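Structural description and commentary
Here are the chains, one letter per residue:
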Amino acid sequence: METIQNLLSGFFLLGGVFFFATATIGLLRFPDFFTRLHATGKGDTLAVTLSLVGLAIHEGMNVTSVKILMIAVFMFLAQPTATHAISRAGVRCGLEIWRKEGKEEKP
Amino acid sequence: MDMFFLAVALGICFLVLLVLYRVVYGPGVFNRVAAISAVGTKTLIILLIVGFLYQRVDMFVDISIVYALLNFIGCVAVAKYLEMER
Amino acid sequence: MIHRGEDVIIRTISRMLIPFIQIYALYVIMHGHYSPGGGFQGGVIFGASFVLLLLTHGYHDARSRVSEKTMIVFSSMGVLIYAGIGFLCLVLLGNFLDYSMLAGILHVDPAHARSLGILGVEIGVGFAVMAVMVSIFLDISTGGVLPGEEEDVGEPPVKEA
């Protein structure tokens, strides 16, 4: 039983680290502010949810694991809202949108 | 299992160092705000893993909830300020 | 003056989350003796929830809940609770803030009386910290102009280029 617990929690944690890594690579390499927001807004939320579920499984049936799942629900609600707020501010301030070279504007 | 947690925590620490490049060199304030929010999210996970390593998780969970709250409120506040400036 | 945000998403999410943030702040105040927390930390979280309300809903809509007058009453009440418990112990022939003297009133042994006295003091501190945080935020964001006297204050002086 304990081996299954350890294996499952390790699996979820590794998934979380993988999504953190791809979100960081996206944040560094994407050409524009709005595309970087895509990377960090979605990738970070999924990675945090997976990692917290993995840590809750490792803890077992406890009050502490219920609290950890509560953090996961809060992050699932709050992180996309914060991303929406900051991207709305970016649109209002008139940041320019990146377009690929060589493509004409479709009318 | 302790060694595995330690390796995961060190890996996420390295990712935080990579994101700090965007904090320093991001052209404009918007990139910096998005990067700071990402650093806050990663710090939350590192806090919980350190709590597991010390085997006193119930102390560190309360601090993690507070940090997630403050990260969210800070990001919304800065976005509102930048929107009102124009 | 903070204007009302026109965004439905942020207003809805903050309206859903603020009661839970406040319940968590009360939890942090109550469990100060065992887990990290106490009066100051719980008061800060409580104040932060009101700051979120003011940021997302604007000043004119949120004024019915968090006006300056309410905050003055809360901060004075917090200090009154703290000093009141201290003076009550003084009146009962003990030192200032010597909670074991409360055992006579509450009909418990002195160890329990000490625990309850500390809890009461933390609640008072939480009230005061929350009220001061919201009051400072209101002061900075409105520029010191109270709701009744907006017409009296003129335009700020224009700097010559």
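Residues numbered from 1 in each chain as written. Chains lettered and ligands numbered in written order. Predicted model: local features only at pLDDT ≥ 70, side-chain atom pairs only at ≥ 80, totals over all residues.

Here the focus is the overall build of chain A. Check the secondary structure of chain A and you find 3 helices and 0 strands. Sequence-ordered secondary structure for chain A, helices as α and strands as β, is α-α-α. Dimensions of chain A along its principal axes, counting C-alpha atoms only, are 60 × 25 × 25 Å. Within chain A, the proportion of its 107 residues that are buried is 41%. Of all intrachain contacts in chain A linking residues separated by at least 6 positions in sequence, the fraction that spans at least 24 positions is 66%. (Helix = DSSP H or I, 4+ residues; strand = E, 2+ residues; numbered from the N terminus. Buried ≥ 20, exposed ≤ 12 C-beta atoms within 10 Å, placed from the backbone. Contact = placed C-beta atoms within 7 Å.)

Turning next to the overall build of chain C. Regarding its fold elements, chain C presents 6 helices and 0 strands. Computed over C-alpha atoms, the radius of gyration of chain C comes to 20 Å, more than 25% over the 15 Å expected from 2.2 N^0.38 for 161 residues, which places it beyond the range of a compact globule. Dimensions along the principal axes, computed over C-alpha positions, put chain C at roughly 70 × 35 × 30 Å. Per-residue burial over chain C gives 30% buried out of 161 residues. (Rg over C-alpha atoms; globule rule 2.2 N^0.38 Å.)

Before going further, it helps to examine the nonpolar core. Ranked by size, the top nonpolar core spans 84 residues in total, and within it I86 of chain A, L69, C75 and V76 of chain B together with I45 and V134 of chain C carry the most contacts. Apart from the residues lying within four places of it in its own chain, the contact partners of I86 of chain A are F30, V33, A34, C75 and A79 of chain B. (Core = buried A, V, L, I, M, F, W, Y, C linked by C-beta atoms within 7 Å.)

Right, let's get into the confidence of the model for chain C. Low-pLDDT stretches of the model should not have their predicted coordinates read in fine detail. In the predicted model, chain C carries a mean pLDDT of 86, and 91% of its residues have values of at least 70. For this predicted complex, the interface confidence score (ipTM) comes to 0.90, while the overall pTM stands at 0.89. (pLDDT = per-residue confidence, 0-100.)

Between its terminal C-alpha atoms helix α3 (residues 63–92) of chain A stretches 44 Å, which fits the 44 Å expected from 30 residues at 1.5 Å a residue. M75 of chain A marks where α3 of chain A bends most, by close to 25 degrees. Restricting attention to buried positions, one finds in α3 of chain A the residues I68, I71, M75, A78, Q79, T81, A82, T83, A85, I86, A89 and G90 of chain A. Residues of α3 of chain A that are buried make contact with α2 (33–59) of chain A, α2 (29–54) and α3 (57–85) of chain B together with α1 (8–30) of chain C. (Expected span 1.5 Å × (residues − 1). Bend = angle between axes of the 7 residues up to and from the residue.)

On to the interface of chain B and chain A. Between chain B and chain A, the contact holds 35 residues from the first and 33 residues from the second. Looking at the side of chain B that touches chain A, the elements that each hand over two or more residues are α1 (2–25), α2 and α3 of chain B. Class assignment for the residues of the side of chain B that touches chain A results in 25 nonpolar, 5 polar and 5 charged. (Nonpolar A, V, L, I, M, F, W, Y, C, P; charged D, E, K, R; others polar.)

On to unusual backbone geometry, then. Residue and element names in this part refer to chain C. Positioned with a positive phi, L93 is a non-glycine residue whose angle comes to about 70 degrees. Along the chain, L93 turns up in the loop between α4 (68–91) and α5 (103–106). Overall, L93 belongs to the exposed group, with 9 C-beta atoms counted inside 10 Å. One non-glycine residue, L97, lies in the positive phi region at around 60 degrees. With 17 C-beta atoms counted inside 10 Å, the residue L97 sits in the partly exposed group.

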